[in-house]
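# Breakdown of the fold
Spelled out from the first residue to the last, the chains are:
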Amino acid sequence: DESFRVLLYPRGRFGGSAASAYLRYIPRASGDEVDLAWKLTLVSRSGAINSGTASGGETARRPLGVVTAGGLPRSNTTWSAAMTFATELESVESTGRTADWASTIW
């Protein structure tokens, strides 16, 4: 059971810009680390895709297009990535170990 803080900025961090996401690892003890793969999709609060419903009875929403590369595998609507998250003292981004991740994606 690992813990993360996820912050989403639908209008950018300071408003009026592209939406962004921030992921921060919250380790339980010094030396903790976790390999994590994730996928993010941002959907519009307006503009249902069709009159059908998504699983769970909610109206299906239109995914917003990714304005960056979209990670791998390539996608126009989903950002995906993988990384090793570690404590701040053990994070070395040049080796693929980090304590947090952020991107202006949409």
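In this report, the structure presented in the accompanying data block is examined. These numbers come from a predicted model, not from an experiment.

Glancing now at the overall build of the protein. Along the protein, the regular secondary structure elements total zero helices and eight strands. Put simply, of all contacts in the protein between residues at least 6 apart along the chain, 46% involve residues at least 24 apart. As displayed, the protein offers around 7,100 Å² of accessible surface, 51% of which is attributable to carbon and sulfur atoms.

Our focus in this paragraph is the pairing of strand S6 (residues 79-86). Relative to S6, strand S3 (residues 33-40) is paired through eight bridges, and the arrangement is antiparallel. Bridging from a neighbouring strand, valine 34 pairs with phenylalanine 85 of S6. Summarising the sheet, S6 and strand S7 (residues 97-98) pair through two bridges and their orientation is parallel. Opposite phenylalanine 85, over in S7, you have threonine 98 as the bridge partner.

Through backbone hydrogen bonds, the strands of a sheet pair up, either in parallel or in antiparallel fashion. Strand order in the open sheet formed by three strands is S3-S6-S7, and the pairing between neighbours is mixed. Only two strands of the sheet have a single neighbouring strand rather than two, namely S3 and S7.

Counting eight residues, the largest nonpolar core consists of Ala21, Leu23, Tyr25, Val34, Trp38, Trp79, Phe85 and Trp101. Elements that contribute at least two residues to this core include exactly strand S2 (20-26), S3 and S6. Sorting elements by how many residues they give to this core places S2 first, with three residues. Setting aside anything within four residues of it in sequence, one finds leucine 23 in contact with Phe4, Arg5, Val6, Leu36, Trp38, Phe85, Ala99, Asp100 and Trp101.

The rules behind each value
Residues numbered from 1 in each chain as written. Predicted model: local features only at pLDDT ≥ 70, side-chain atom pairs only at ≥ 80, totals over all residues. Heavy atoms only, no water. Helix = DSSP H or I, 4+ residues; strand = E, 2+ residues; numbered from the N terminus. Contact = heavy atoms within 4.5 Å. Areas by Shrake-Rupley, 256 points an atom, 1.4 Å probe, with all protein chains shown as cover. Pairing = 2+ DSSP bridges. Core = buried A, V, L, I, M, F, W, Y, C linked by side-chain atoms within 4.5 Å. Buried < 20%, exposed > 50% of the residue type's maximum accessible area, 1.4 Å probe, protein only.

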